[in-house]
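Fold and contact review
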Amino acid sequence: MHAADLDALHLGQALALARHAIGLSEPNPRVGCVLVAPDGRQVIGEGFTQQAGGPHAEVMALRDAQTRAQSTRGATAYVTLEPCAHHGRTPPCCDALVAAGVARVVAAVGDPNPLVNGQGMARLAAAGIRAEWGPAELAEQARELNIGFFSRMQRGRPWVRMKMASSLDGRTALADGRSQWITGAAARADGHAWRARAGVVLCGVGTVLADDPRLDVREVAIARQPLRAIVDTRLQTPPQARLFAAGGSPVRLYTASADSAAAQALRERGATLVPCPLVDGRIDLAAVLADLHALACNELHLECGPTLAGAWLQGGWVDELLLYQAPVLLGPGRPLAQLAALPGLDTAMRWRFHELTRVGDDLRLRLRR
Ligand code: AOF
Ligand code: ZN
């Protein structure tokens, strides 16, 4: 095998490791690291990012090499993100790689964190390490895996993914609101896996009143539950809602009326109330995103009814649609989103298919602008 193929192979292995950090490392990026002996072939250490505040991928891989009694002198480190050069909650990975005598580092993509951003590679080079970038297609995959982290660092807001489930004719429920179940069990479990990777799962008070959801992750094993958030302009969330059942993750309520008796009752149930400005009588979604950014949310997972879904869409805030479509026709029923009538087709909000997969008997469509 040629050296370039070996690089692609090992960086690919590092990327596979990085996927193990999904639902674990947030708000830190999902990063994987593979250490390879000077012969360029033997893998001597593997690691991926742990819980925030815990060790980064490189440190885990170096520890793994130690456990396997392998020398890291002259080794190559394949990392899916430029190693950090800053003192955050943990010391710089660059320093750990230098101290371990690593001769070469191949990174998939630069760290968009302004505290790192190029300085990691520069610091490695200054220490005499050959610091190189891997192949372009792996850069794209490493970036894609951390699309929320890149969004937070580069755009100052979370990546907004809206989950929906509909019939073939685009209905999310019968006219009377009944919606259990349009899609099958496999699609519902898949939806939970997407919840699990989010920093925050959000719905509107309409959904709370109609479905009394828990908004937690149940169908898949996870290391941490995402935060939960409700957009509730007039504070109609009942204090008895299942959201507040013991043992759940924190709940944030975005509201215009944070000082009423209702507010006090909800605070007593453990909710955090976030007063927000109104735009045309509705919570300003830009303020919601700003609050979630301040909480270091990388990926925001929306599961809204048609009114709130329409507001997110018409505000232009939705980066990705995650649409499960069941092979069923419902006739009259509720639409995916309440949208204003168009003056003509040329003004329609157009999406492109990003990924299409069959999940059980349903289709999973991922779309982006
Ligand atoms: C790496 N390897 O595996 C990850 C990195 O507060 P800290 O110390 O955990 O630092 C968090 C920052 O470190 C994070 O914002 C990102 O820039 C970088 N993440 N870096 O070298 C890793 N997860
Ligand atoms: Zn690091």
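Residues numbered from 1 in each chain as written. Chains lettered and ligands numbered in written order. Predicted model: local features only at pLDDT ≥ 70, side-chain atom pairs only at ≥ 80, totals over all residues.

By the naming in an unreviewed UniProt entry, the chain goes by Riboflavin biosynthesis protein RibD and is assigned to Ideonella aquatica. We quote the UniProt Function (unreviewed entry) comment for the chain here in full: "Converts 2,5-diamino-6-(ribosylamino)-4(3h)-pyrimidinone 5'-phosphate into 5-amino-6-(ribosylamino)-2,4(1h,3h)-pyrimidinedione 5'-phosphate." (UniProt positions renumbered as here; feature names shortened; annotations may be inferred.)

**What about the overall build of the chain?**
A tally of regular secondary structure across the chain gives eleven helices and 18 strands. Structurally, the chain occupies a C-alpha span of about 65 × 45 × 35 Å along its principal axes. The buried share of the chain, taken over its 369 residues, is 44%. (Helix = DSSP H or I, 4+ residues; strand = E, 2+ residues; numbered from the N terminus. Buried ≥ 20, exposed ≤ 12 C-beta atoms within 10 Å, placed from the backbone.)

**Side note on the sheet that holds strand S1 (residues 32-36)**
Taken in spatial order, the five strands line up as S2-S1-S3-S4-S5 in an open sheet, and their pairing is mixed. Strands at the two margins of the open sheet, each flanked by one partner only, are strand S2 (43-48) and strand S5 (130-133). Recorded for the sheet is a direction-independent mean angle of 15° between the axes of neighbouring strands. Pairing of S1 with S2, which is carried by five bridges, proceeds in the antiparallel orientation. Bridged to Leu35 within S2 is Gly45. (Pairing = 2+ DSSP bridges. Axes fitted to C-alpha atoms, helices over the stretch in contact; angles between N-to-C directions.)

**A few points about the environment of Ala256**
Mapped onto the secondary structure, Ala256 falls in the loop between strand S10 (251-255) and helix H9 (261-268). With 16 C-beta atoms packed within 10 Å, Ala256 lands in the partly exposed category. Separated by 19 residues in sequence, Ala256 and Thr237 have C-alpha atoms that sit 13 Å apart. Other than its neighbours up to four places away in sequence, Ala256 contacts Thr233, Cys276, Leu278 and Ile283. (Contact = placed C-beta atoms within 7 Å.)

**Observations regarding helix H10 (residues 285-294)**
Among the residues making up H10, those that are buried are Leu285, Val288, Leu289 and Leu292. Considered in projection along H10, the buried side chains sweep an arc of 95° and stay on one side of the axis. On its buried face, H10 is in contact with strand S8 (200-204), strand S9 (227-231), S10, strand S13 (282-283), strand S14 (299-302) and helix H11 (306-314). With its phi angle positive at about 65°, Ala296 sits one or two positions after the end of H10. (Arc of directions from axis to C-beta.)

**Looking at the UniProt feature "domain: CMP/dCMP-type deaminase" (unreviewed entry) in the chain**
Mapped onto the present numbering, the UniProt feature "domain: CMP/dCMP-type deaminase" (unreviewed entry) falls on residues 5-132. As annotated, residues 5-132 comprises 31% helix and 17% strand, and the C-alpha atoms at either end are separated by 15 Å.

**Notes on the confidence of the model for the chain**
Confidence in the prediction for the chain averages 96 pLDDT; 100% of positions are at 70 or higher. Interface predicted TM-score (ipTM) for the complex: 0.91; the corresponding pTM is 0.95. (pLDDT = per-residue confidence, 0-100.)

**Re the site of ligand 1**
In the vicinity of ligand 1 there are 18 residues, among which Val31, His56, Gly88, Arg89 and Asn113 approach most closely. Split into classes, the residues belonging to the shell around ligand 1 amount to eight nonpolar, seven polar and three charged. (Near = placed C-beta within 6 Å. Nonpolar A, V, L, I, M, F, W, Y, C, P; charged D, E, K, R; others polar.)

**Here's the deal with the pairing of strand S6 (residues 159-166)**
Of all eight residues in S6, eight are buried, a share of seventy percent or more. The side-chain alternation of S6 yields two buried faces, one formed by Trp159, Arg161, Lys163 and Ala165 and the other by Val160, Met162, Met164 and Ser166.

**Focus on the nonpolar core**
Counting 48 residues, the largest nonpolar core has Met162, Val200, Leu300 and Trp312 as the members making the most contacts within it. Here this core takes five residues from S6, the largest share from any one element. Residues Ile44, Ala85, Ala108 and Leu124 belong to the second largest nonpolar core, which totals 45 residues. (Core = buried A, V, L, I, M, F, W, Y, C linked by C-beta atoms within 7 Å.)

**Considerations on helix H7 (residues 185-197)**
Spanning 13 residues, H7 covers 19 Å between terminal C-alpha atoms, matching the ideal 18 Å at 1.5 Å per step. Taken together, the buried positions of H7 are Ala187, Asp190, Gly191, Trp194, Arg195, Ala196 and Arg197. For H7, the secondary structure elements touched by its buried residues are S6, S8, S14, strand S15 (320-325), strand S17 (352-359) and strand S18 (362-368). (Expected span 1.5 Å × (residues − 1).)

**Remarks on the environment of Gln13**
Tracing the backbone shows Gln13 in helix H1 (residues 3-18). Remark: the alpha-carbon pair of Gln13 and Thr80, spanning 67 residues in sequence, is separated by 9.6 Å.

**Side note on the sheet that holds S15**
The strands that make up a sheet are held in pairs by hydrogen bonds between backbone atoms, and each pair lies either parallel or antiparallel. Read across the open sheet, the nine strands follow the order S11-S10-S9-S8-S14-S6-S15-S18-S17; overall the sheet is mixed. Across the chains shown, the open sheet's two edge strands, defined by having one partner strand only, are strand S11 (272-275) and S17. For this sheet, the mean angle separating the axes of adjacent strands, direction not counted, is 20°. Where S10 and S11 come together, four bridges link them in parallel fashion. Its bridge partner lying in S11, Arg252 is registered against Thr272.

**Observations regarding unusual backbone geometry**
With an omega of 10°, the peptide bond running from Glu26 to Pro27 counts as cis. If you trace the backbone, Pro27 turns up in the loop between H1 and S1. For the bond from Gln180 to Trp181, the omega torsion is -10°, close enough to zero to count as cis. Tracing the backbone through its elements, the reader meets Trp181 in the loop between strand S7 (171-174) and H7. Of note, the phi angle at Asp212 is positive, near 50°, even though the residue is not glycine. Residue position: Asp212 is located in the loop between helix H8 (205-211) and S9. Asp212 sits in the exposed class, given 12 other C-beta atoms within 10 Å.

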